[in-house]
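Structure assessment
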Amino acid sequence: MSKKQSKATKQANMQRASERAAAIRAEHERKERRSRALVVAASVVAVLLVVVAIAWGLQQGGSGEGQTSNPPDNVVDEYALAIGADDAPVTVTVYEDLMCPYCGLFEQVSSQRLKEYAESGDVQVRYHVVSFLDGQSSDRYSTRAANAIGVVLDTAGPEAAVEFHDALFANQPEEGGSGLSDEQMIDLAVEAGADEEAIAGPIEDLKFEPWVEDATDAWSKAGFTGTPTVTVNDEKVEFESAEDLLANTEQAIEEALKN
Amino acid sequence: MGWIGFAARLLVGGVWIVAGALKLPDLDASVRAVRAYQLLPEAVVPAIGYALPVVEVAIGVMLVLGLLVRFNAVVSAVLFLAFVVGIASAWARGLQIDCGCFGGGGYDANATEKYPWEIARDLGLLFASLWLVRRPRTRWALDNRLVYDGTSERTMTGDPTR
């Protein structure tokens, strides 16, 4: 009897001891798990912070976000340099990037023809310059050239700006290398009729960079993904080649004039 | 099995790091690339465009380190699925856009020739991600120290011969 009882007691004691040990182990594990969770969470946060910091550091130039972009004087439709009468019945908008080779090709075939249209009074030609090809040159030529056009437009008016724009395309740099230097752009601008003292500072300091960013944003938000893009009275002109684009543009102009 | 998972982590994680890092220097371009798909409302396009490269590099780094492998593999699989759907839909709608997968984006005259290969690549990476969702315990992973209590993946898989 007593033997049996002592056996039961022993068993109970052992069980109690092992329960206590299990409780201690569980408590220990809980603490361990919590500290591991902390380490994991801290590591994840650290990875995210580092990536965000790198992203922040990599952003080229001052982002125009939240900054009021002051457009150049003489600008038309917020972002364009224009030739031809403001009350012309047809509006042709040419979206282009100074670094885009196809835009250079289109300029070669279309520049003269579009000027004639503008002079006839039937058409206002608007050049809406964007900069999304900064990666194609070693010195952000897209943005620098678009800014320079804004500077010439601001200080010397639309005729000089369009002439400067033509000169930039005539001297378009190859993809992958460096763009025209600030000095080269200033020389071309002076030839186009701008005043060297008035333009040198703003060209070097990228005065209109926020405006250039907004101009690029507006082009993208209008649903366009490439350059050159041409619209006639806000209708996009489809094309297969540069010659094609001019022919289809002329056709769209003639049709618009008939209506 | 742990070796296959390790290789999958390096492959998928490596691709994410490269894809994200190429986009980080020009986040505005990333926003435009997202917009070019014409799938998302303009209200969310900038947020997605800015966040995507950061998220890509982050999950890439964590996959390579082997940190929270299952969670990151799920995110990775969801993203690849979204990309496959996006590219397929751009193709179906006749859009000619660069997928913007590794930076870039926007109009691309040769886009139609590239779509099938891009979809195949993303499906392969989707499969590798799903493998890691199924079997997140791999060799040389921080998870083995932090999440799985220091036990190696061999004992964790419960192989009775060990």
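Residues numbered from 1 in each chain as written. Chains lettered and ligands numbered in written order. Predicted model: local features only at pLDDT ≥ 70, side-chain atom pairs only at ≥ 80, totals over all residues.

A word on the overall build of chain A
Looking only at helices and strands, one finds eight helices and five strands in chain A. Taking the principal axes of the C-alpha coordinates as reference, chain A spans close to 125 × 45 × 30 Å. In chain A, which comprises 259 residues, the proportion classed as buried is 40%. (Helix = DSSP H or I, 4+ residues; strand = E, 2+ residues; numbered from the N terminus. Buried ≥ 20, exposed ≤ 12 C-beta atoms within 10 Å, placed from the backbone.)

Considering the overall build of chain B
When helices and strands are tallied, chain B shows seven helices and two strands. Along the chain direction, N to C, the helices and strands of chain B fall in the order α-α-α-α-β-β-α-α-α. Projected onto the principal axes, the alpha-carbon positions of chain B cover approximately 55 × 25 × 20 Å. Split into buried and exposed, the 162 residues of chain B put 44% on the buried side.

A look at the domain arrangement of chain A
Segmentation of chain A into domains returns domain 1 (1–58) and domain 2 (80–258). For domain 1 of chain A versus domain 2 of chain A, the distance between C-alpha centres works out to 67 Å. (Domains from an automatic or database assignment.)

As for the packing of helix α1 (residues 2–23) of chain B against helix α3 (residues 45–65) of chain B
Residues and elements named next belong to chain B. One can describe the packing of α1 onto α3 by two numbers: an axis separation of 7 Å at closest approach and a directional angle of 150°. One way to sum up the angle between α1 and α3 is to call them roughly antiparallel. For the pair α1 and α3, the crossing hand works out as left-handed. Within the contact between the two elements, α1 uses Arg 9, Leu 10, Val 12, Gly 13, Gly 14, Trp 16, Ile 17, Ala 19, Gly 20, Ala 21 and Lys 23 and α3 uses Pro 53, Glu 56, Val 57, Ile 59, Gly 60, Val 61, Leu 63 and Val 64. Its residues assigned to classes, the contact of α1 with α3 comprises twelve nonpolar, four polar and three charged. (Axes fitted to C-alpha atoms, helices over the stretch in contact; angles between N-to-C directions. Parallel < 35°, antiparallel > 145°, perpendicular 65-115°, else oblique. Left-handed = near helix turned anticlockwise from the far one by under 90°. Contact = placed C-beta atoms within 7 Å. Nonpolar A, V, L, I, M, F, W, Y, C, P; charged D, E, K, R; others polar.)

Concerning the sheet that holds strand β5 (residues 235–236) of chain A
All names here are of chain A. If you trace the five strands from one edge of the open sheet to the other, you get β1-β3-β2-β4-β5, paired in mixed fashion. Edge positions in the sheet fall to β1 (80–83) and β5, since each has one partner strand and no second. Where strand β2 (residues 90–97) and strand β3 (residues 123–130) come together, eight bridges link them in parallel fashion. Looking at the pairing, Val 92 lines up with Val 125 of β3. Contacts from helix α2 (residues 101–120) reach β1, β2 and β3 within the one sheet, and its direction differs from that of β3 by about 150°. (Pairing = 2+ DSSP bridges.)

Description of the interface of chain A and chain B
A common way to report how large an interface is uses the accessible area buried once the components associate. Counting from both sides, the interface comprises 21 residues of chain A and, opposite them, 23 residues of chain B. Looking at the side of chain A that touches chain B, the elements with two or more residues in it are α1 (2–58) and α7 (209–221) of chain A. A per-element tally of the side of chain A that touches chain B places α1(A) first, with twelve residues. Its residues placed into classes, the side of chain A that touches chain B shows eleven nonpolar, seven polar and three charged.

Overview of the confidence of the model for chain A
For chain A, per-residue confidence averages 91 on the pLDDT scale, and residues scoring 70 or more make up 95% of the total. The low-confidence segment residues 62–66 of chain A, where pLDDT is below 50, has six contacts with residues more than four positions distant or belonging to other chains. (pLDDT = per-residue confidence, 0-100.)

Quick word on helix α8 (residues 242–258) of chain A
All names here are of chain A. In a regular helix each residue adds 1.5 Å, so 17 residues correspond to 24 Å; α8 covers 25 Å between its end C-alpha atoms and thus fits that length. Of all the residues in α8, the buried ones are Leu 245, Leu 246, Thr 249, Ala 252 and Ile 253. Mapping the buried residues of α8 onto a view down its axis gives an arc of 130°, with all of them on the same face. Relative to its buried face, α8 has exposed residues pointing more than 90 degrees away, namely Gln 251, Glu 254 and Lys 258. (Expected span 1.5 Å × (residues − 1). Arc of directions from axis to C-beta.)

Let's talk about unusual backbone geometry
All names here are of chain A. In this structure, the amide linkage connecting Thr 227 to the following residue, Pro 228, adopts the cis form with an omega of -5°. With respect to the secondary-structure elements, Pro 228 resides in the loop between α7 and β4 (229–232). Although it is not a glycine, Glu 78 sits at a positive phi angle of roughly 70°. With respect to the secondary-structure elements, Glu 78 resides in the loop between α1 and β1. Despite not being glycine, Arg 140 shows a phi value in the positive range, around 50°. Structurally, the position occupied by Arg 140 is in the loop between β3 and α3 (141–156). A tally of 20 C-beta atoms within 10 Å means that Arg 140 is categorised as buried.

Some thoughts on the pairing of β2(A)
Residue and element names in this part refer to chain A. Of all eight residues in β2, seven are buried; the element is thus mostly enclosed. Strand direction decides the pairing type here: β2 and β4, joined by four bridges, are antiparallel. For Val 92, the partnering residue across the bridge sits in β4 and is Val 232.

A few points about the packing of α3(B) against helix α4 (residues 69–92) of chain B
Residue and element names in this part refer to chain B. Across the interface, α3 lies against α4 with an axial gap of 9 Å and an inter-helix angle of 140°. It follows that α3 is oblique to α4 by the angle criterion. Where α3 crosses over α4, the handedness of that crossing is left-handed. In this structure, α3 uses Ile 59, Met 62 and Leu 63 to contact α4, whose residues at the interface are Val 69, Asn 72, Val 75 and Ser 76.

Concerning the environment of Asp86(A)
Considering the arrangement of structural elements, one finds Asp86(A) in the loop between β1 and β2. Between the alpha carbons of Asp86(A) and Val125(A) there is a distance of 9.6 Å; along the sequence they are 39 residues apart.

Remarks on the pairing of β4(A)
All names here are of chain A. Two elements, β4 and β5, share two bridges in a ladder whose sense is antiparallel. Counted as the bridge partner of Val 232 is Glu 235 from β5. Linking two consecutive strands that pair antiparallel, namely β4 and β5, is a turn of two residues; a positive phi of about 45° is found at Asn 233 within it.

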